[in-house]
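# Structural description and commentary
The residues making up each chain are set out below.
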Amino acid sequence: MRTIDWVDDAIEIIDQTALPDRTTVLRLSTVETVVDAIRSLAVRGAPALGVAGALGVALAARLHHDEPQRLADAVERLRTARPTAVNLARGVDRAAARLAESPSAVLAEAVALRDEEEAASVAMARLGADLLGQLCPPRCRLLTHCNTGALATVTGGTALGVVVELHRRGGLESVIASETRPLLQGARLTAWELDRAGVDFRVAVDGAGPFLMARGRVDAVVVGADRICANGDTINKIGTYAHALGARRAGLPFVVVAPESTVDPATATGAQVEIEDRGSAEVVSFAAARTTPAGAGAVNPAFDVTPADLVTAVVTDRRVIRLDRGEQI
Ligand code: MRU
């Protein structure tokens, strides 16, 4: 099943806020519900956001094709629903470029992006599993952060697609999934996907990663990305940078897996990327119970920047870029 799709003139998504307890399909038939789903992380992960943005424009074109101002506003709201993953604005722009033709041309473009992301997942899984098979033979113990599986793409995945492909080839020993505070994409979503794939895994708190690496419990770290800058700086879920530092200290490979749609040559370095701050509420409570003194505020950057010099290799659907050997994005 696809995480996101166009079904009978509306967008359907698996509601990622309900997992792992319930597998619920949400039907989004207005632009506002698409924007809300993006903001609430009912649909999330860079490639899935790109497809959500493009399909959102297709929906807007169908609903508002004879209201130019309303259509333009809808496109802008979709484009800016979240700022960090380059895929969202790109998906919106790609579909919006066909608005002057017809609503069905916009939909065709969005569906083409969906299909390309599915094909990209297959290609990344193959290239990434080849690389990890070389970096830690014969069977890897991997650590991954956040959720990068089918839920974050359409089908397949980025880093988690590689993990599952390595498992399929018999080259995977076990996986540590970091829980990924504050919204628990690792504990809720990655654990759910690994369980369904039959992979041997354990969940660890985010702060445990570098220690587990230092103690020899991990052979390589594999993560996804929300944006990869021209110099190789990698923007991904908050906590990625700490794992990269831990990997470097322990002398372990740190591999980033992302489709070409996440590579952003127009942005020179991570310093230029807007990092979404999701506000205090997600941090000061847990499962609706307050965990901090009343009135305590929080900083809540949703992403961080891993400097290119900590990245061993970037695997896309088309190439393996060995940053550790001086190759360029
Ligand atoms: O805030 P999220 O859950 O959308 O963040 C997702 C990530 O950071 C993923 O690691 C990234 O999108 C790569 S997934 C294919």
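Rules behind the numbers
- Residues numbered from 1 in each chain as written.
- Predicted model: local features only at pLDDT ≥ 70, side-chain atom pairs only at ≥ 80, totals over all residues.
- Heavy atoms only, no water.
- Domains from an automatic or database assignment.
- Contact = heavy atoms within 4.5 Å.
- Buried area = accessible area lost by both parts, 1.4 Å probe.
- Salt bridge = Lys/Arg side-chain N within 4 Å of Asp/Glu carboxyl O.
- Polar contact = N/O pair within 3.5 Å; in protein donor to acceptor, adjacent residues only side chain to side chain.
- Helix = DSSP H or I, 4+ residues; strand = E, 2+ residues; numbered from the N terminus.
- Nonpolar A, V, L, I, M, F, W, Y, C, P; charged D, E, K, R; others polar.
- Buried < 20%, exposed > 50% of the residue type's maximum accessible area, 1.4 Å probe, protein only.
- Pairing = 2+ DSSP bridges.
- Right-handed = clockwise from strand over helix to strand, strands pointing away.

On to the domain arrangement of the protein, then. Assigned domains of the protein: these are domain 1 (4-117) and domain 2 (126-325). Computed over C-alpha atoms only, the centres of domain 1 and domain 2 are separated by 25 Å. Contacts between the two partners involve 25 residues from domain 1 and, on the opposite side, 29 residues from domain 2. Here domain 1 meets domain 2 over a buried area of about 2200 Å², counting both sides, of which 53% is carbon and sulfur. Taken as a group, R44, P83 and T84 account for 27% of the area that domain 1 buries against domain 2, more than any other trio of residues on that side. The interface formed by domain 1 and domain 2 contains 1 salt bridge. The partner of R82 in a salt bridge is E276, with the nearest N and O atoms 2.9 Å apart. If you look at where domain 1 meets domain 2, you find 16 residue pairs in polar contact (both at pLDDT 80 or more). Elements supplying a minimum of two residues to the side of domain 1 that touches domain 2: α2 (46-64), α4 (86-96) and α5 (103-135). With 4 residues, α2 is the single largest residue contributor to the side of domain 1 that touches domain 2. Class assignment of the residues belonging to the side of domain 1 that touches domain 2 gives a composition of 12 nonpolar, 7 polar and 6 charged.

Across the 7 residues of strand β5 (residues 172-178), 6 count as buried, placing the element largely inside the fold. Where strand β4 (residues 140-144) lies against β5, 5 bridges are found, and the strand directions are parallel. Note that in β5 the partner of L143 across the bridge is I176. With helix α6 (residues 159-169) bridging β4 and the parallel β5, this β-α-β connection has right-handed handedness. In this structure, β5 lies alongside strand β6 (residues 201-204), joined through 4 bridges in parallel fashion. Note that in β6 the partner of A177 across the bridge is V203. In the classification by handedness, the crossover that spans β5, the intervening helix α7 (residues 185-197) and the parallel β6 is right-handed.

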